[in-house]
Structure formats: structure tokens, C-alpha cells
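One-letter residues, chain by chain:
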Amino acid sequence: MRNWFPKFWPIKLLILALILIINSATGCSTATPTPQITPSNFSYLVQVQAKDTDENVTRAEVTIQVTGKAPIDAITDSKGIARIFIPASYVGQPGLLIVDTKRYERYTQNIDLTKASLPDVVLLEPKLVAVATSLKESAKTPTTAPTSTPTATPIPPAETLIATPVPPTNTPTVTPTPTNTPTATPAPTNTPTVTPIPPTNTPTASPKPPNSPTPIRPTPTETPAVIGRVAIPLVLGGEPRVYIISTKGVKLDVLGMARQPDYAINANKLVVNGDQDKLDKLRVSDPTKGAPFEIGDPGLTNHSHPAWSPDGTQVIYDDATIDPAGPHVYINVPNIASGPGTELETGIGTGQLFGQNPLWATQNRFVFRGCNTWQTGQGGDCGIWLMQENGGTPLKLKDKPDYILTDICDDLLTYVSSETGNWNVYTLNIVTGATRQLTSNPAADGLATISPDGRSVAFLSNLGGVLAVWYVGINGGTPQKMFNIRPEWGDLRPDGWSEEKLSWGK
């Protein structure tokens, strides 16, 4: 026993070292500037079966939820198998596994996102409503007509079928009118069955039509907390301004000669695109560094669409001044003595990258819209692109080059499009390619931004002829108004739906 500590002290030191390097993140920011351990992404396969028959359950919705992150989902195939890609930023996190389908009870399980802890098979219990339907069908089975008046026994609602109910002794008897009714004549086949009306929230047992669309995920029943502040680009008397408004509609501040705002996720730092004359430069408002200061190349005045990196230490933007052929994308480390940035390039072909609306995702991934200029003769191949690292190989996500990228949280991107005839808000998962339309109003909805906790999307809308900020859950649902834009604040620029965006900060 005296040699116990000397024998095991190296293991104790190893455990202590592992504890010290584990860190956690909130909201959309999951990347750390210099991680000591980089978790690896992996693909997760789960088979969904019926517990009573071992039948493979097709078209079941399998969802993995992690607090502060965009949910991941998939639909089971003909063998009952769902394939879900688990990004590295999710690995090791606690979460919730949910399986939803119409014929079976909802399945939930608390999980840790590691290969070893995720279940290979999920067994679903049949819904009680199916038992109720079976009892109803048996009640309709024709029998020999009795010599006395038959008694109709009401079938109880589905939620009471925990055990076989015993009819009470005082069950009312339904007595038909005896006028000229022949004795012992079987009831006509079209005689309606006396069945109590089920509650409005009782699920039906009707089989799903083969062409019925399956939602990716049910709409959340809880409304996320709406807190923080929203930066709103407007124009008043010809002057572009960015108003800082609380989510309760209270004006907190206003920045003159500014547009295209973007808040850093985990800090109260704001970057804007300066506008007009000497202020036509990118400007950063950082409370820790005093007055706002300019960043970027002092010789260029057309820096546009600035956005923070996930860790809030760098800014990505585009510039159309240096090359008349099109805008290039740059990265800059903002400080009071900031100078020219680093140009984003590809690692293939000519290396030259033209792009607009750049956004910086976790794990050092860049999203932008543009054309395949790095391959000779491929400049007409335009759309939305994803590139891993500076110098990586761009991967096309969408063929539509006119989609306006506005914000990103982990793997979930928001963009706006007018291809339906009016502006609407959408999300795009940059890993799975899944697209979701969040708004479909007969009005213009745009300038979308994701909340700091990653659970909501705010957007500007002129629904009903009144300009206002609205919000909706990240998984969709019914939009709710946050507050109206007051007339004394100004109006949206004429090019605002395609050139501006809101930003939701803490």
C-alpha cells in the first residue's frame, strides 16, 4: 500500500491535464483560437424499428439537439436507417436524440455525441391511438341481430386506453324509435356508429398518404427568450445610420455615416461599413479600445459586407476597388493601427478568388457567393461556395448566385432571395445542404440575422405597409413582431433588401 501513489501518480497528472484543456462555448461560437484537442467529425447510422414487430420504420424523423447549436436531422430510408453527419464542433457535447413518426410514440434519449455512446438501434412503441382504432373496428363487426334492443357502448378516447376499460353499470341505452320497425332485422350497413367525438388534440390513426410531405422537424413549442440588441441600417435625410435598438424597441445608440453592421458573437464589438467622404471605411466600435477606429487598407474606400470571425478576433469583407473584374475577399485583424488585410485565395487553378457577402463559419470555413474564376474557362459557374481554410478547394453549395448571404451560426447559414417574386428568408445547412424557408409573407422579408443563442432569426419586414423587426424560431414557426421602426429613425435604403443586414448582439 505504501507504493500506491508513486505507482499511479502519472495517471493522475494525465487526468488533471485533460481537465485543464477542456473548454466550453455558448451561442454560435464554438471555435477556439488555438485548440489543444481537435475532435473529429463522424457519420452516425441508426436503425429505427417497431418494438412489437421488429419491422423497419421508414420516413421517421431522427433529430439530434445540442444546446446553443443548430439541430441536425435526417429521415430513415427503406431499411429504417438514418445517416447523420456529426460535425466536429458537436462531438463530445451532451444532447438529446429524438425520433418522431406518425404511427409510433415519440422517442427521446439523453446522449453524449460520441461514437461509443450513441445507440445503433432505436425501438419505437406503437401509439395507443392504434389500439383505439382496433377496438372501434371490432365494434363495427356485424353479429346476429339480438331479440332485444341493442345497447351501444361508447368507445373511450385513446388516451384512456391504459387498461381494458370496464363499462359502468349505468351505461345509457340507445333505444331506437319502434314505429313500424321489424323485429330482429339487422341494422343497415350504412347506419352510423355511435362514437364519442375525440378531443381535438387526439392524434388520428389514419395512415399517412404516400405523397404527404414530411416536415424536417416539428415546430418548437417554446418561444425562445428574446433579449439583447439589434443593429439596424437605415437612412434619414440622405444620411446612412445604424440604430442600436433593444429587443423591447428602446433606442440605445446611433452611429452616423454607417451601414452593414455586424456584432461579434461573444462581445459587444460592432463593425460597420462606413459611408460617404472621409468615413467611407470599415469602422470598429470596441468598448475596450475607446473611440471607433478604421480598419483595412487606407487607400481603398470600397470595403463592404464586413463580418466577424467566430472567435471575434478577425473581420472578413469584400472589396471591388482593387480589381475592376470583380470583388475580392479579405481578412483583417482589427486594431487601432490596422493596415491592409490578407486576401483569400484558393489552392487550385489560378488561385484567384472573386467573391461577395463573405461569412466566416466555425472550423475555419469560409462561405461566399461568386463564380469559379480559379478554373480557366469556368467563370460562368456561379453560386454559393464553401471553402475550408484559406487556400482550400471551394465546394459549390447552391447554383443561385443571387442569394444574399446575411449571417451564419455553426453550420447554419441564413440568406434572402427574391426568386418567388418577393423577398423571403431561408436557412441552409452548409454540411448537409438542407434548405428551409422561414418566411412566406405577401411582403418583403429580409436582412436576416441569427440570435446570439442560435435559437431565433430576426428579420426586417414591411408586412402591412409598416416597416418592423420580426423574429421566428430557427426551425421555423409563426413569425412574431419584435418592434416597429419609428418614422423618426428613417427608412430602409432603396438597395437595402439586397445590400443590408441586421445584426443581433447581446
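Keep in mind that what you see is a predicted model, and the values were worked out from it rather than measured.

Caption draft 1: Structural view of the overall build of the protein. When helices and strands are counted, the protein shows 3 helices and 31 strands. A total of 506 residues make up the protein; the buried ones form 43% of that total. Of the contacts made within the protein by residues no fewer than 6 positions apart, 48% connect residues no fewer than 24 positions apart. Entry remark: accessible area of the protein is about 26300 Å², with carbon and sulfur atoms responsible for 55%.

Caption draft 2: A look at the pattern of salt bridges. One pass over the structure, following the stated rule, counts 16 salt bridges. One salt bridge in this structure joins Asp 410 and Lys 69, with 3.8 Å as the shortest N-O distance. Taken together, the residues Asp 410 in the loop between strand E23 (404-409) and strand E24 (412-417) and Lys 69 in the loop between strand E2 (61-65) and strand E3 (72-75) connect sequence positions 341 residues apart. In this pair, the class of Asp 410 matches that of Lys 69, namely buried. Across the salt bridge formed by Arg 493 and Glu 500, the nearest N and O atoms sit 3.8 Å from each other.

Caption draft 3: Molecular detail of the packing of aromatic side chains. Under the criterion given, the structure shown has 7 aromatic pairs. A centroid spacing of 5.9 Å and a plane angle of 20° characterise the contact between Tyr 317 and Tyr 330, whose relative ring orientation is stacked. Of this pair, Tyr 317 sits in strand E16 (residues 315-319) while Tyr 330 sits in strand E17 (residues 328-332), and the two are 13 residues apart along the sequence. Across the pair, Tyr 330 and Tyr 317 agree in class, each one buried.

Caption draft 4: Main features of the sheet that holds strand E26 (residues 435-437). Spatially, E23-E24-E25-E26 is the arrangement adopted by the 4 strands of the open sheet, whose pairing is antiparallel. Two strands in the sheet have a free side with no partner beyond their single neighbour: E23 and E26. Adjacent strand axes in the sheet meet at a mean angle of 25° when their direction is disregarded. Inspection of the sheet shows E24 paired to strand E25 (residues 424-429) by 6 bridges, in the antiparallel sense. Paired with Tyr 415 across the strands is Tyr 426, a residue of E25.

Caption draft 5: Quick peek at the sheet that holds strand E19 (residues 356-361). Spatially, E19-E20-E21-E22 is the arrangement adopted by the 4 strands of the open sheet, whose pairing is antiparallel. With one partner strand each, in any of the chains shown, E19 and strand E22 (395-398) form the two edges of the open sheet. Put simply, the sheet's adjacent strands are angled 30° from each other on average, direction ignored.

Caption draft 6: Representation of the nonpolar core. Within the largest apolar cluster, 64 residues are counted, with the highest numbers of intra-cluster contacts made by Ile 64, Ile 86, Ile 232, Val 469, Met 482 and Ile 485. With residues near it in sequence (within four places) discarded, Ile 64 still touches Tyr 44, Pro 71, Ile 72, Ile 84, Ile 86, Leu 96, Leu 97, Ile 111 and Leu 113. Residues Val 329, Trp 360, Leu 405 and Ile 430 belong to the second largest nonpolar core, which totals 25 residues.

Caption draft 7: Focus on the state of the cysteines. For the structure on display, the rule yields 1 disulfide. One disulfide in the model links Cys 371 with Cys 382; its S-S distance is 1.9 Å. For the disulfide bridge between Cys 371 and Cys 382, the dihedral angle about the S-S bond is near 95°, and by the sign convention the bridge is right-handed. Within this pair, whereas Cys 371 is found in strand E20 (residues 365-371), its partner Cys 382 is found in strand E21 (residues 382-388), the two being separated by 11 residues in sequence. Its relative accessible area of 23% is what places Cys 371 among the partly exposed residues. Cys 382 gets classed as buried once you look at its relative accessible area, which sits at 17%.

Caption draft 8: Just the pairing of strand E7 (residues 121-124), in detail. Burial along E7 is one-sided: Val 122 and Leu 124 are buried, while Val 121 and Leu 123, pointing the other way, are not. With 4 bridges connecting them, strand E1 (residues 42-50) and E7 associate as parallel partners. Each bridged residue has a counterpart across the sheet, and for Gln 49 the counterpart in E7 is Leu 123.

About the criteria used
Residues numbered from 1 in each chain as written. Predicted model: local features only at pLDDT ≥ 70, side-chain atom pairs only at ≥ 80, totals over all residues. Heavy atoms only, no water. Helix = DSSP H or I, 4+ residues; strand = E, 2+ residues; numbered from the N terminus. Buried < 20%, exposed > 50% of the residue type's maximum accessible area, 1.4 Å probe, protein only. Contact = heavy atoms within 4.5 Å. Areas by Shrake-Rupley, 256 points an atom, 1.4 Å probe, with all protein chains shown as cover. Salt bridge = Lys/Arg side-chain N within 4 Å of Asp/Glu carboxyl O. Phe/Tyr/Trp six-rings, centres within 6.5 Å; stacked < 30°, edge-to-face > 60°. Pairing = 2+ DSSP bridges. Axes fitted to C-alpha atoms, helices over the stretch in contact; angles between N-to-C directions. Core = buried A, V, L, I, M, F, W, Y, C linked by side-chain atoms within 4.5 Å. Disulfide = S-S within 2.5 Å.

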